[in-house]
Amino acid sequence: MRATRTLSTVGVLAALTLGLAACGGGAEPAASAPPMSSAPMSSEPMSSAPAMPAAADGVTTNDDVFGPACGQLPQGDEPGSLNAMGPQPVATAASSNPLLSTLVTAVGKVPGLADTLNQQEAITVFAPANDAFTAVQEQVGEEQFNALLADTEMLQGLLSYHVTPQRMDAAGLVEAKTVSQLAGGDLTIGGTPEAPTVTDGMGNTANVLCGNIPTSNATVFVIDKVLMPKG
């Protein structure tokens, strides 16, 4: 049984890797997500915000948030808004973020993972948006995608590859150029503090859709791809 499960896991991982490679690195992040709110945006940070120096502790504020999809977050004090997420630990904050419902479902498939993330003191989370998971599902097929969600060991490793065990803002990430992940392996950071890119171990490059999102224990970057470690 163990050998059969291992072969199945390898098959899913291989299919997922091929799917991510097929997705490439040139997607336009702003076009993939429909508007979710018609509320006035004058109080929301925009992608053209001036570059800020790296915070020594990686802690950000609502004024530091940037990216083309930030306007899709709920406004004011509504669940999933910046005001609501800021005081919450990261997994709890993500649970009400409309950009991250698929990620929240995946985290919930791994027993104890949400609690583990909430209990971390200072982390950076690269959070694939819903469309990132949809792209993978379309590439590998529903059966393989569901097999990934059912394999908690592999899923935990994949999700942990999206967590850096150090809290960093966009300027700090770009300055660092490379960050090591909780699951092992590295990510390469490119671009600028206003528009950083994240390249995984397989060479897939993700764009930041909404970055520098503050929660009580993490700085979050919503990205447009699922990241894959090398090997």
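First, a word on what this report is: a plain description of the structure on this page. Keep in mind it's a predicted model, so treat the numbers as computed, not measured.

What counts and how
Each chain carries its own residue numbering, running from 1 in the direction its sequence is written. Reporting of local features is limited, given that this is a predicted model, to residues whose pLDDT is at least 70; pairs of side-chain atoms are given and counted only at 80 or more, and all residues count toward the totals for whole chains, interfaces and linings. Water and hydrogen atoms were dropped before computing side-chain values, which therefore reflect all heavy atoms in the structure. Secondary structure follows DSSP: runs of H or I at least 4 residues long count as helices, runs of E at least 2 residues long count as strands, and numbering of each begins at the N terminus. Residue exposure (1.4 Å probe, protein chains only): buried if accessible area is under 20% of the type maximum, exposed if over 50%, otherwise partly exposed. Should any heavy atoms of two residues lie within 4.5 Å, those residues are counted as being in contact. What sets the accessible areas is the Shrake-Rupley method with a 1.4 Å probe; for residues, cover comes only from the shown protein chains. The disulfide definition used here is simple: a pair of cysteine sulfur atoms within 2.5 Å. Pairs were defined over the aromatic rings of Phe, Tyr and Trp, the Trp ring being its six-membered one, requiring ring centres within 6.5 Å. Orientation was assigned from the angle between planes: stacked under 30 degrees, edge-to-face over 60, tilted for the rest.

Describing the overall build of the chain
- From N to C terminus, the chain includes nine helices and seven strands.
- Residues classed as buried in the chain amount to 45% of the 231 residues present.
- Considering only contacts in the chain between residues 6 or more positions apart, those separated by 24 or more positions represent 69%.
- Total accessible area on the chain is roughly 10,600 Å²; 56% of this is exposed by carbon and sulfur atoms.

Overview of the environment of Ala132
- One can find Ala132 in helix H6 (residues 130-140).
- In this structure Ala132 comes out as buried when scored by relative accessible area, which is 3%.
- Residue contacts for Ala132: discarding those within four places in its chain leaves Ile223, Asp224, Lys225 and Val226.

A short note on the state of the cysteines
- If you walk through the whole model with that rule in mind, you get one disulfide.
- Disulfide pairing places Cys70 opposite Cys210 at an S-S distance of 2.2 Å. Between Cys70 and Cys210, the disulfide has an S-S torsion of 110° and is therefore right-handed. With a gap of 140 residues between them, Cys70 in the loop between helix H1 (2-23) and helix H2 (82-85) and Cys210 in strand E6 (residues 205-214) connect regions that are remote in the sequence.

Things to note about the environment of Asp151
- Note that Asp151 resides in the loop between helix H7 (142-150) and helix H8 (152-160).
- Since its relative accessible area comes to 8%, Asp151 is described here as buried.
- C-alpha separation for the pair Asp151 and Val110, spaced 41 residues apart in sequence, amounts to 8.8 Å.

Description of the packing of aromatic side chains
- In the structure shown here, the tally under the stated rule is one aromatic pair.
- Ring centres 5.8 Å apart and planes at 25° place the aromatic pair Phe126 and Phe221 in the stacked group. With a gap of 95 residues between them, Phe126 in strand E1 (residues 123-128) and Phe221 in strand E7 (residues 218-223) connect regions that are remote in the sequence. In this structure, Phe126 and Phe221 share a single accessibility class: buried.

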